[in-house]
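# Residue-level structural notes
For reference, the chains in residue letters:
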Number of protein chains: 2
Amino acid sequence: MPIKANDPNRKSWIPVPENSDFPIQNIPFGVFLTRDDVITIGTRIGDHAIDLGSLHQLGYFKDIPLTDDIFLQDTLNDFISDGKKTWRLVRNRIAELFDVRNEELQHKDDHKQIVLFTMDEIEMQLPVQIGDYTDFYSSKEHATNIGKMFRDPDNALLPNWLHIPVGYHGRSSTIVPSGTPIRRPYGQTIPKGEDQPVFGPSKLVDFELEMAFITTDANALGEPIDVTEAEDYIFGLVLFNDWSARDIQKWEYVPLGPFLGKNFASSISPWIVTLDALEPFRVQSPKQEPQPLPYLRHKGNNSFDIHLEVDVTPEDGQSTTVCKSNFKYMYWSMAQQLAHHTVNGCKVNSGDMMGSGTISGTTPDSFGSMLELAWQGTKPVTLNGGEERKSVADNDTITMRGYCHKNGLRIGFGEVASKLLPALDLKAPKKNK
Amino acid sequence: MPIKANDPNRKSWIPVPENSDFPIQNIPFGVFLTRDDVITIGTRIGDHAIDLGSLHQLGYFKDIPLTDDIFLQDTLNDFISDGKKTWRLVRNRIAELFDVRNEELQHKDDHKQIVLFTMDEIEMQLPVQIGDYTDFYSSKEHATNIGKMFRDPDNALLPNWLHIPVGYHGRSSTIVPSGTPIRRPYGQTIPKGEDQPVFGPSKLVDFELEMAFITTDANALGEPIDVTEAEDYIFGLVLFNDWSARDIQKWEYVPLGPFLGKNFASSISPWIVTLDALEPFRVQSPKQEPQPLPYLRHKGNNSFDIHLEVDVTPEDGQSTTVCKSNFKYMYWSMAQQLAHHTVNGCKVNSGDMMGSGTISGTTPDSFGSMLELAWQGTKPVTLNGGEERKSVADNDTITMRGYCHKNGLRIGFGEVASKLLPALDLKAPKKNK
């Protein structure tokens, strides 16, 4: 356990604003484009980004076995492949180097000029090349809400839900970093009471408040990962907005699951916060009743107390926090999700991403989607400016934030913020079509 | 249209056995490991593989704008990114160079020694790095059979099926080339009449006879591909065995679709046959009634007459052809699948793979899965050795073949053959678990 890096009393010689998500105890990993148009792997302290590629070239990681170009890459995949021991050595070394008591770099202005950037000098990129993306459905409250709305209120949870961390495959190619605008998608929908579908822009675009974890190479094809070892293969977590088009999804999803209602876009926060940084915020998962099958049983504190919030901001309008939830509400832990995912021998690679599913709590203000917040349109959400929302409107920006807080230490994820653009103006239909 | 390359009367100076899938009119693309342990991109004529990397280094593609290392790669992704015009130039040039009337290379023994390999000197690899894999469900006969077995025999097709090329996301990381053995997967299943699941090896492993197409970079995020242009973004096709564990799938798949019942493995044939090579075998798709929405309408011959067969071969036993089907039975065309997939702006990249779904015909001997052939276990399939099968048995090898044949010209895919190994012998459960 990296005790030193997590010591809440440590300070950095880089200034850290009060309530920053990025004190020296965080040390997240990301990829950014510098002012010189160079792509590099980096970390962040306060409002400064640190170029790890240059830091390595300058010799500051010389005691750690790393290839010369490990940080001079446009994704974290190779670094993540190096494994947990290496991640820890690098994080601990960064914690040491930027500690206020350390003088190695603190007064070397020529080196500092090379490795330090203010946040407005850089552009955050997608941190990993995502090979496969899986989305789980692990909030009992969310699954219950959906069951109440669309199936039987008295038997809201499906029979398999308490036995399986239900999940499905998503689309990697449309996962984009915070800041990338999203287009309202077109698709087929079925008008109420009709039996012929119509084509047009989705009328029910929604957000889903999720988190996602990123894996390292975990197993060989055909071999499972034990639930008690699964966390060793998890590099870290990001905030995840799983954009959804409810009307498209509703018509398409039986029997093979959501497809075009989901794969037009998902947005992530760009800094991956490691499990090591989250260690002080471990909590128990909800009690599981009935007890799951043996391959899904584990003891101890398998979840994390991460406060989550969602804001809706109309174009030129004021922000409204419409949801306050928490990662600890998840019924199934990440370790259980990963053990289940590989119990059939499914191969997991470096850079794979696994979403939690929408994270809803028990109270209506903790529901993680507009579908639940506005209860299928029956209880519109009133924004601070007086407008109402049953779904996301054109030019709304959806911002999700997440942070842990305990004993004076705050570790956060920053935010994922993305704007919904109006649907494309499709050309008139061609002749003969 | 590459008339010359497809001329059925042309012969190669490389010997081509009678009934070979790989005459000079085919020119498929693949990736292989040579006798010198070098990975290269290549093609095949008769029983010889041709190293395109060396051919390019020797100057035989000098009139085509190609980067120097385009064939010296371990995947075809970059070549596929070069686009249709380049694929055609390269295929036409190979057709010219190996034509019996061409003397450029035919008598240069030193060059031939470098570029030609017999098939037993090489090892075929996965031809592309698959970014995203989607599986469709586009055979009306298959969807109807499944509906009859598991839902209502009188309303076998679900309401959306005739309007949407139904599809779902699959797992890229477990797609393996022909020859890779597959492990019988473990998982949760629900015993008949019980309400508590059990854990163990799947008892109902099945094959699914499919084909899959491979795309090039097709669009920007947020932009659709027109159905009339969709084929321009399809590089070619392979045979696809979508291994399935029916008992795992049955318990897990509601409401988000198949997951662990599918993602333990899918097997593909290693040579990608281009749409240009398949051009002479175009046929009409089945008539679509009702007419689909305008974005899915296209005219002309949008399918291909590809004969498909599946053999089951027990360990040390004789082969039995259990299924004869045809790609032309597909209700939805590849162009419709790709147009639908992108109508919401979903981004499609070079190396993405899209499976057809199980290809069943109308007669029982044309059903593309053991589930349908043995009609849910009620009509066991008798093999030539006298054994019966309701699903795939341990150590069975499943071999799928595909070829077109018309006016004396045969263009084929070779085969995808893979053996089902027994389930892993899991260690005894740990204490306290």
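Residues and elements named next belong to chain A. Taken together, the 5 strands give an open sheet; going across it, the order is S4-S3-S2-S1-S5, and neighbouring strands pair in antiparallel fashion. A strand with exactly one partner marks an edge of an open sheet, and here the two such strands are strand S4 (116-118) and strand S5 (123-124). In this structure, strand S3 (residues 48-51) lies alongside S4, joined through 3 bridges in antiparallel fashion. Looking at S4, one finds that Ala 49 is bridged to Phe 117.

What follows deals with the packing of aromatic side chains. Geometry of an aromatic ring pair is reported as the spacing of the ring centres plus the angle between the planes. Residues and elements named next belong to chain A. Enumeration according to the criterion identifies 32 aromatic pairs over all chains in this entry. Aromatic side chains Phe 367 and Trp 375 sit 6.2 Å apart centroid to centroid with 40 degrees between the ring planes, which places their arrangement in the tilted category. Taking relative accessible area as the criterion, Phe 367 reaches 8% and is therefore assigned buried. Seen from the ring of Tyr 403, Arg 410 lies directly overhead, with NZ or CZ sitting 4.0 Å from the centre.

The subject of this paragraph is the environment of B:Ser81. Residue and element names in this part refer to chain B. Within the secondary structure, Ser 81 is located in helix H3 (residues 77-81). The class for Ser 81 is partly exposed, based on a relative accessible area of 35%. Linking Ser 81 and Trp 332, residues 251 residues apart in sequence, is a C-alpha distance of 26 Å. Among all residues touching Ser 81, those that are not within four sequence positions of it are Thr 216, Asp 217 and Ser 350.

On to the domain arrangement of chain A, then. Interfaces are frequently sized by the accessible area removed from exposure as the parts join. Residues and elements named next belong to chain A. You can read the domains of chain A as domain 1 (4-124) and domain 2 (133-421). Between the C-alpha centres of domain 1 and domain 2 the distance comes to 29 Å. Across the contact, 28 residues belong to domain 1 and 28 residues belong to domain 2. When domain 1 packs against domain 2, the two sides together hide about 2200 Å² of surface, and 59% of this comes from carbon and sulfur. Sorting the residues of domain 1 by area buried against domain 2 places Asp 21, Ile 80 and Met 124 first, and these three jointly supply 25% of that buried surface.

Between chain A and chain B, the superposition needs a rotation of 180 degrees and an axial shift of 0.0 Å, giving an RMSD of 0.0 Å. One copy is carried onto the other by what is essentially a two-fold rotation axis. No C-alpha of chain A approaches the rotation axis more nearly than that of A:Gly257, which lies at 2.1 Å. Most of the interface of chain A is mirrored in chain B, where 100% of its interface residues again form contacts.

Between chain A and chain B, the residue contacts involve 71 residues of the former and 71 residues of the latter. Together, the buried faces of chain A and chain B total about 6200 Å²; carbon and sulfur atoms form 63% of this surface. On inspection of chain A and its partner chain B, the count reaches 4 salt bridges. Linking A:Arg171 and B:Asp352 is a salt bridge whose minimum nitrogen-to-oxygen distance equals 2.6 Å. Here chain A is connected to chain B by 25 residue pairs in polar contact (both at pLDDT 80 or more). Among the elements of the structure, strand S6 (133-136), strand S7 (167-169), strand S10 (186-189), strand S11 (198-201), helix H7 (246-252) and helix H9 (334-342) of chain A are those that each provide at least two residues to the side of chain A that touches chain B. Considering every element that reaches the side of chain A that touches chain B, the biggest residue donor is S7(A), with 3 residues. Tallied by class, the residues present in the side of chain A that touches chain B amount to 34 nonpolar, 22 polar and 15 charged.

Rules behind the numbers
- Throughout, residues of each chain are indexed from 1 in the direction in which the sequence is written.
- Throughout, the order in which chains and ligands are written sets their labels, letters from A for the former and numbers from 1 for the latter.
- For this predicted model, a pLDDT threshold of at least 70 governs which residues receive local features, and a threshold of 80 or more governs which side-chain atom pairs are given and counted, while totals over whole chains, interfaces and linings are taken from all residues.
- To get the side-chain values, all heavy atoms of the structure are used, and hydrogens and water are removed first.
- In short, DSSP must find at least two bridges between two strands for them to pair.
- Strands here are runs of E lasting at least two residues and helices are runs of H or I lasting at least four, both read from the DSSP assignment and numbered beginning at the N terminus.
- The pairing test for Phe, Tyr and Trp rings, Trp by its six-membered ring, is centres within 6.5 Å, and the orientation test on the planes gives stacked under 30 degrees, edge-to-face over 60, and tilted for anything in between.
- Exposure categories follow from relative accessible area, calculated using a 1.4 Å probe and restricted to protein chains: below 20% of the type maximum is buried, above 50% is exposed, and the middle band is partly exposed.
- A ring is scored as having a charge over it whenever the NZ atom of a lysine or the CZ atom of an arginine sits within 6 Å of its centre and within 35 degrees of its normal.
- Contacts are residue-level and defined by heavy atoms, with any inter-residue pair within 4.5 Å sufficient.
- An automatic or database domain assignment supplies the start and end points of every domain.
- A quick way to say it: buried area is the sum, across both parts, of accessible area lost when two parts are put together, with a 1.4 Å probe.
- Superposition of the copies was done by least squares, using only C-alpha atoms of residues whose pLDDT is at least 70 in both.
- When a carboxyl oxygen of Asp or Glu lies within 4 Å of a side-chain nitrogen of Lys or Arg, that pair is called a salt bridge.
- For this analysis, a polar contact is any N or O atom pair within 3.5 Å, provided that within protein one partner can donate a hydrogen and the other can accept it, and provided that sequence-adjacent residues contribute only side-chain to side-chain pairs.
- Ten residues, namely Ala, Val, Leu, Ile, Met, Phe, Trp, Tyr, Cys and Pro, are considered nonpolar, four, namely Asp, Glu, Lys and Arg, are considered charged, and the remaining ones, Gly among them, are considered polar.

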